[in-house]
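As a plain string of letters, each chain reads:
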Amino acid sequence: MTRRVLVVGSGKRVREGVLPALRRLEGDLELEAVVARTAKAVEADGRSYDVEPLDALDAARMARVDLVVMAVAKDAVPRVLARLGALGAGGADLLIDTPVLRFKHLGHLGRLAAFRSASVAEDCTTLPCLDPLRQALDEGAIGPLRRVVLDRAGYAYHGLAMAKAIVGPARVVRGRRRRAGEGWRRDVRFSNGVELVVHEPRDYRVGRIRAEGERGAISDEGGGDALPWSAVVEAGACTGFRVGDRVVPLAPRDRELIGAPLEGAREPLGVTPWMQGMKRVGLVRLLERVRDGGSAYPVAEAVDDTVVDYHLERLGRYVSNPLTHPRSAPGRALLGLLTKVAGGS
């Protein structure tokens, strides 16, 4: 059954990610409208789209919608959620862009209950380069995982989400952020004992990722004794990803979405120079999950990432306890109080 989709927002994320992804799922997902603060026309993926003003959207139109994909400016999220809820969004699923809400706005999380379901468009968790990596880890190629290093390859809450996709089901128990040379270093420990090291600032042109286990490592650095991790490139196009001799090919649709690597990427190419295209593929995968009645990245996980990232950025440290963990009753109460003080409600 075809599901009707309302896209809310018209910025870069919508033009370069959402609309191209939806185009690959035409027939299953039918675009009802693109709405934003003001009327305009935008170009995306070789097509022109008319953008309607959000304020012109009415309850009758909203009742036609099965899925809302929302990617608006961070400060506008509470207002837009209130507007959609007032129109009667109970028959629609919501796929909302990261970070869902800014820390100071987390007091508005209750507005998500106006929708049939809500999940997050965190496409860093469904990148195609992670497919052979997870396969190798599941097969025990390097033994139990002990550390993940994102060297200029992870950004804030996105980096935490991507690390979770590698580490497996786990929560952050503590973290630290400190100066390191001309940049910053984050050291994070998950509840399953795996460590995450993030070197900042992010630069996907030169970024590298390394997974270290008890019996070896997997790296896209090139050279050394680690299992090599790379894109499969044929005639200049990315056709899949490999770890050692494990190759996961891309479907023709996904090859088209990947496109070219970032200009100025360091040789030999790792996996991160393909990040812009990989994120488009990741977004299609999340949309397919929602289309099929499932969920994308859980809201609770995204809120965890936001809270941890806020502590690391503002305080330099995070320690999970009943007052800081957003899923505990005291943590939720304190978070609600803090976000009200910060202007969140």
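Below is a short write-up of the structure. Predicted model, so just to flag it, every value in this text is computed and none were measured.

## Re the overall build of the protein chain
Phase 1: Across its full length, the protein chain holds nine helices and 18 strands.
Phase 2: Relative to its length of 345 residues, the protein chain is compact, with a C-alpha radius of gyration of 20 Å against a globular reference of 20 Å.
Phase 3: Expressed as a percentage of the 345 residues in the protein chain, the buried residues total 52%.
Phase 4: Contacts spanning at least 24 positions in sequence make up 65% of the contacts within the protein chain whose residues lie at least 6 apart.
Phase 5: For the protein chain, the exposed surface amounts to about 15,100 Å²; the carbon and sulfur share of it is 49%.

## Re the nonpolar core
Phase 1: Counting 105 residues, the largest nonpolar core has Leu-6, Met-62, Val-68, Met-70, Leu-84 and Leu-287 as its most contacted members.
Phase 2: The biggest single contributor to this core is helix 7 (residues 275-291), with eight residues.
Phase 3: Among residues more than four places away in sequence, those in contact with Val-68 are Leu-6, Val-8, Met-62, Leu-84, Ala-92, Asp-93, Leu-94, Leu-95 and Phe-115.

## Remarks on the pattern of salt bridges
Phase 1: Here the structure, examined in full by the defined rule, presents 41 salt bridges.
Phase 2: Close ionic contact of Glu-212 with Arg-210 constitutes a salt bridge, the shortest N to O distance being 3.0 Å.
Phase 3: Here the salt bridges share partners, and the residues they tie into one network are Arg-4, Glu-30, Glu-32, Glu-52, Arg-61 and Arg-64.

## A word on unusual backbone geometry
Phase 1: Pro-99 follows Thr-98 through a cis peptide bond whose omega is 0°.
Phase 2: Residue position: Pro-99 is located in the loop between strand 6 (93-96) and strand 7 (117-120).
Phase 3: For the bond from Glu-267 to Pro-268, the omega torsion is -5°, close enough to zero to count as cis.
Phase 4: As for its placement among the helices and strands, Pro-268 is situated in the loop between helix 6 (252-258) and helix 7.
Phase 5: A positive phi is found at Val-100, a non-glycine position, where the angle reads about 70°.
Phase 6: Secondary-structure assignment places Val-100 in the loop between strand 6 and strand 7.
Phase 7: Val-100 sits in the buried class, given a relative accessible area of 2%.
Phase 8: The residue Ala-235 is not glycine, and still its phi comes out positive at about 55°.
Phase 9: Positionally, Ala-235 belongs in the loop between strand 14 (227-234) and strand 15 (237-243).

## Things to note about the sheet that holds strand 4 (residues 47-53)
Phase 1: Across the sheet, which stays open at both edges, the eight strands sit in the order 3-4-2-1-5-6-7-17 with mixed pairing between neighbours. Of all strands in the sheet, those bounded by a partner on one side alone are strand 3 (40-44) and strand 17 (297-298).
Phase 2: Across four bridges, the pairing between strand 5 (residues 67-70) and strand 6 is parallel. Paired with Met-70 across the bridge in strand 6 is Ile-96.

## What to know about helix 8 (residues 299-314)
Phase 1: End to end, helix 8 covers 22 Å across 16 residues, agreeing with the expected 22 Å (1.5 Å per residue, within 8%).
Phase 2: Buried within helix 8 are the following residues: Val-299, Ala-302, Val-303, Asp-304, Asp-305, Thr-306, Val-307, Val-308, Asp-309, His-311 and Leu-312.
Phase 3: Downstream of helix 8 by a residue or two, Gly-316 has a phi angle that is positive, lying close to 85°.

## Thoughts on the sheet that holds strand 15
Phase 1: If you trace the ten strands from one edge of the open sheet to the other, you get 16-15-14-13-12-8-11-10-9-18, paired in mixed fashion. Two strands lie at the open edges of the sheet, namely strand 16 (246-249) and strand 18 (317-319), each paired on one side alone. Averaged over all neighbouring strand pairs, the angle between strand axes comes to 15°, with direction disregarded.
Phase 2: Note: strand 8 (residues 145-151) against strand 12 (residues 208-213), six bridges, orientation antiparallel. Note that in strand 12 the partner of Val-149 across the bridge is Arg-210.
Phase 3: Against the sheet, helix 8 makes contact with strand 9 (172-180), strand 10 (183-190) and strand 18, and its axis sits at roughly 140° relative to strand 18, the strand it touches most.

## Some words on the packing of aromatic side chains
Phase 1: Scanning the model with the defined rule gives two aromatic pairs in all.
Phase 2: Relative to Tyr-310, the ring of Phe-103 lies with its centre 3.7 Å away and its plane at 5°, an arrangement referred to as stacked. With Phe-103 in the loop between strand 6 and strand 7 and Tyr-310 in helix 8, the pair connects residues that are 207 residues apart, well separated along the chain.
Phase 3: Given the relative accessible area of 11%, Phe-103 is considered buried.
Phase 4: What makes Tyr-310 partly exposed here is its relative accessible area of 27%.
Phase 5: A centroid spacing of 6.3 Å and a plane angle of 65° characterise the contact between Tyr-155 and Tyr-157, whose relative ring orientation is edge-to-face.
Phase 6: For Tyr-155, a relative accessible area of 37% puts it in the partly exposed group.

## Some points on helix 5 (residues 156-167)
Phase 1: Taking 1.5 Å per residue, twelve residues should reach 16 Å; helix 5 reaches 17 Å between its end C-alpha atoms and fits that length.
Phase 2: Along helix 5, the positions that sit buried rather than exposed are Ala-156, Tyr-157, His-158, Gly-159, Leu-160, Ala-161, Met-162, Ala-163, Lys-164, Ala-165, Ile-166 and Val-167.
Phase 3: In the segment just after helix 5, Gly-168 is the residue with positive phi, at about 95°.

Here is what the cut-offs are and how they apply
Residues numbered from 1 in each chain as written. Predicted model: local features only at pLDDT ≥ 70, side-chain atom pairs only at ≥ 80, totals over all residues. Heavy atoms only, no water. Helix = DSSP H or I, 4+ residues; strand = E, 2+ residues; numbered from the N terminus. Rg over C-alpha atoms; globule rule 2.2 N^0.38 Å. Buried < 20%, exposed > 50% of the residue type's maximum accessible area, 1.4 Å probe, protein only. Contact = heavy atoms within 4.5 Å. Areas by Shrake-Rupley, 256 points an atom, 1.4 Å probe, with all protein chains shown as cover. Core = buried A, V, L, I, M, F, W, Y, C linked by side-chain atoms within 4.5 Å. Salt bridge = Lys/Arg side-chain N within 4 Å of Asp/Glu carboxyl O. Pairing = 2+ DSSP bridges. Expected span 1.5 Å × (residues − 1). Axes fitted to C-alpha atoms, helices over the stretch in contact; angles between N-to-C directions. Phe/Tyr/Trp six-rings, centres within 6.5 Å; stacked < 30°, edge-to-face > 60°.

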